[in-house]
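Observations on the model geometry
Listed here are the chains, written in short residue letters.
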Amino acid sequence: MSGGTASRVVDDYRGVIQILSDGTILRSDPAVLRPPERFPDVPGVEWDDVVYDAAHGLKLRVYRPAPPPAAGEDGDAKKNKKLPVLVYFHSGGFCLGSFAQPHFHAGCLRLASELPAVVLSADYRLGPEHRLPAAIDDAAAALSWLRGAAATATHPWLAESADLTEVFVAGESSGANMSHHVAVMRGSGRLPLDPLRVAGHVMVTPFFAGAERTAAEAAAPPPDAGAVFTPEMSDKLWRMSLPAGATLDHPVANPFGPDSPCLDTVAFPPVLVVSAGRDMLHERVLRYVTTLGEMGKPVEVVVLEEQDHAFFSRQPWGKGADELIPVVKNFVHKGYGAECN
């Protein structure tokens, strides 16, 4: 009989991710968190999977709407018109998700078709196997890949269809957090991207935190009340993704916390923040917008009052998505010609 001590579960996220006392990490099928769904097809959008970081086995999916058929001289001009680029990072609390999952794929099909735009949906390393800032480093790597692809014509669709002077960095929840940190890296000179021009950032229900709860977070219903997203869920995801022992005031979680860098001199392009009125993080998101604005950054906020956290990926064909896409479309096309000083 062995004298060893059996490993026990020391942390658990909804049965999908478990950390054992010996450091082993167990994952089950994340589909258990949501029933399989079939979403409508989006005719006229094609996609292709590309490796952007071979060392870490990371891919991204390139989407583009099919060029319209040429019809005379005007038709040729429309066919040859290039589209803005939306680099998109999915939600999942830095611990879950892949661009290939149906709800993320469906949302990106809609964005490519309805903006319209060339959309790059990138996977990134997940915690707890790969703790932050791994995901943010991967976001930077995806943009650096795009920069290299622009210089070398690596992917024919980019050469044919992408306007690489009109790049928007977008994401939902953890992906929106990544968009913020990419803006900081780019604006502080730590992420050279020329000849790409980042024309703006889109952050949908960004996933931020802080050691001190907001009033809305403190008043959020308990996990057994059927809420979409609770402080307990948030805390577990941060505990599984932040460096071991880090608090919720870690700079990745709290961009304006006591240990976070001062952003006064960091150049931001225009930023669109979309918050959800029923999201327990809504108050924190509005504080983020207010603080950016007080620093003189070009930020605007749109509140979808009836939506909850990560509504776009939860229901990519729902009412919230129908409201979101025109807002993003207006921002992207209004952003044409806006320089990042």
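The present account deals with the structure reproduced in this document. Quantities reported herein were computed from a predicted structural model and do not represent experimental measurements. All residue numbers here refer to positions counted from 1 along the written sequence of the relevant chain. Per-residue local features are limited, in this predicted model, to residues with pLDDT of at least 70; the limit for side-chain atom pairs, both in listing and counting, is 80 or more; totals at the level of whole chains, interfaces and linings are taken over all residues. Heavy atoms from the whole structure form the basis of all side-chain values; hydrogens and water molecules are not counted.

Focus on the packing of aromatic side chains
Any two of the Phe, Tyr and Trp rings considered here, Trp counted by its six-membered ring, make a pair once their centres fall within 6.5 Å; the pair's planes then place it as stacked at under 30 degrees, edge-to-face at over 60, or tilted in between. Under the defined criterion, the tally for this structure stands at seven aromatic pairs. Note on Phe94 and Trp238: the rings are 5.6 Å apart at their centroids and 45° apart in plane angle, and the pair reads as tilted. On the criterion of sequence distance, the pair formed by Phe94 in the loop between β6 (83–89) and α2 (102–114) and Trp238 in helix α7 (residues 231–241) is long-range, its members being 144 residues apart. On the basis of an interplanar angle of 35° and a centroid distance of 4.8 Å, the ring pair of Phe208 and Tyr288 is categorised as tilted. Numbered from the N terminus, helices here are DSSP runs of H or I no shorter than four residues, and strands are runs of E no shorter than two.

A few points about the sheet that holds strand β3 (residues 25–27)
A pair of strands is considered paired only if DSSP assigns at least 2 bridges between the two. One open sheet holds the three strands; their spatial order is β1-β2-β3, and the pairing between them is antiparallel. Both outer strands of the open sheet, β1 (9–13) and β3, are each paired with one neighbouring strand and no more. Direction aside, neighbouring strands of the sheet carry axes that sit 15° apart on average. Direction of pairing for β1 relative to strand β2 (residues 17–20): antiparallel, over a ladder of four bridges. Paired with Asp12 across the strands is Gln18, a residue of β2. By definition in these notes, contact holds between two residues if any of their heavy atoms fall within 4.5 Å. Axis definition: a line fitted to C-alpha atoms, over the contacting stretch in the case of helices. Angles run 0 to 180 degrees between N-to-C directions. Packed on one face of the sheet, α7 meets β1 and β2 and runs near 120° to β1.

Looking at the sheet that holds β6
Read from one edge to the other, the open sheet built from eight strands follows the order β4-β5-β7-β6-β8-β9-β10-β11, with strand pairing classed as mixed. Of all the strands in the sheet, just β4 (45–53) and β11 (299–304) have a single pairing partner and so form its edges. When the angles between neighbouring strand axes are averaged without regard to direction, this sheet yields 20°. Direction of pairing for β6 relative to strand β8 (residues 162–172): parallel, over a ladder of six bridges. Residue Val85 lies in a different strand from β8, and its bridge partner there is Val167.

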